[in-house]
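Below, each chain spelled out in residue letters.
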Amino acid sequence: MTLKATEQSGHLVLPGERLGVIEEFIPDAGTYVKDGVIYSKIIGRALMDLMNKKVSVYPLNEGAVVPKLGITVIGQVGNAQSDNVLVRIFKVGKIKKKLSGVFSGILHISDVSDRYIDSMNEVCKPGDLIRAKVISEKNQIFHLSTADKNFGVIYGFCSVCGSTLEQKRHEMQCTKCGNIEKRKTAFDYGKEEL
Ligand SMILES: [Zn+2]
């Protein structure tokens, strides 16, 4: 997946800095629009919410809770392709504090596991909650990894009926319709307090 420069998230912006156009994004907090172009109103971090197509700028301050390199995040799987998924990050580290904005991360198939993975289809599906590590902020995009037993799906949902999946020995089974699916789970699947 290639992201245009205007879709980069997390980078430092100055007042008057161009963030994108209204055809691409809905302007949100910390932005203003002039002649169809979205600009930053303040000094802060630009946040491009790829799923909701929103752009906002969050002021820089000490208490700002944002994903960083090396940190553990929890998010919901959004748009899925065969070799990557978008993740809507809603929790960072052990902090229960609300995040300073909405962050999007990308989990690429090569960062899922140390083993070879055939398709993202057997890793996670849209709607699942996953725990992952931020391994790169390259190009101001949060790249995630689940290549550790601590990381992977923590809550998975049946792609047929949406009910919770229960972990069986080598597969996942829907508690309602019995559908069998595959996931790359974290060792403590189903136990994280959200
Ligand atoms: Zn089901």
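As shown above, the structure is provided for reference.
Described below are features of the structure shown in this document. (Residues numbered from 1 in each chain as written. Predicted model: local features only at pLDDT ≥ 70, side-chain atom pairs only at ≥ 80, totals over all residues. Heavy atoms only, no water.)

Attention now moves to the sheet that holds strand S6 (residues 44–49). Spatially, the four strands line up as an open sheet ordered S1-S6-S7-S3, and their pairing is mixed. Looking at strand neighbours, the two that pair on one side only are strand S1 (12–13) and strand S3 (26–27), the edges of this open sheet. By the bridge criterion, six bridges tie S6 to strand S7 (residues 54–59) in an arrangement that is antiparallel. When the bridges of S7 are listed, Arg45 appears paired with Tyr58. (Pairing = 2+ DSSP bridges. Helix = DSSP H or I, 4+ residues; strand = E, 2+ residues; numbered from the N terminus.)

What follows covers the coordination of the zinc ion. With distances of 2.3 Å, the protein atoms coordinating the zinc ion are Cys158 (SG), Cys161 (SG), Cys174 (SG) and Cys177 (SG). Coordination at the zinc ion comes from four donor atoms whose angles at the metal span 96 to 120 degrees, giving a geometry best classed as tetrahedral. Positions of the donor residues of the zinc ion along the chain correspond to the pattern C-x2-C-x12-C-x2-C. Of the two residues, Cys161 sits in the loop between strand S13 (152–155) and strand S14 (165–167) while Cys174 sits in strand S15 (residues 172–174), which places them 13 residues apart along the sequence. The exposure class assigned to Cys161 is partly exposed, which follows from its relative accessible area of 34%. (Donors = N, O, S within 2.8 Å, 3.2 Å for Na, K, Ca; no water. Tetrahedral: all angles 85-135°; square planar, octahedral: opposite > 155°, others 65-115°. Buried < 20%, exposed > 50% of the residue type's maximum accessible area, 1.4 Å probe, protein only.)

This part is about unusual backbone geometry. Within the chain, Asp35 stands out as a residue other than glycine whose phi angle is a positive 50 degrees. Following the sequence through the fold, Asp35 ends up in the loop between strand S4 (31–34) and strand S5 (37–40). The phi torsion at Lys53 lies on the positive side, around 55 degrees, for a residue other than glycine. Among the residues examined, Lys53 registers a relative accessible area of 37% and is labelled partly exposed.

It is worth spelling out the pairing of strand S8 (residues 72–80) at this point. Pairing analysis gives five bridges linking S8 to strand S11 (residues 129–136), with the strands arranged antiparallel. Residue pairing for S11: Gly75 is matched across the bridge by Ile130. Examined bridge by bridge, S8 and strand S9 (residues 84–92) share six bridges and lie antiparallel to one another. Residue pairing across strands places Val77 opposite Val87, the latter belonging to S9. The hairpin turn running from S8 into S9, its antiparallel successor, is three residues long.

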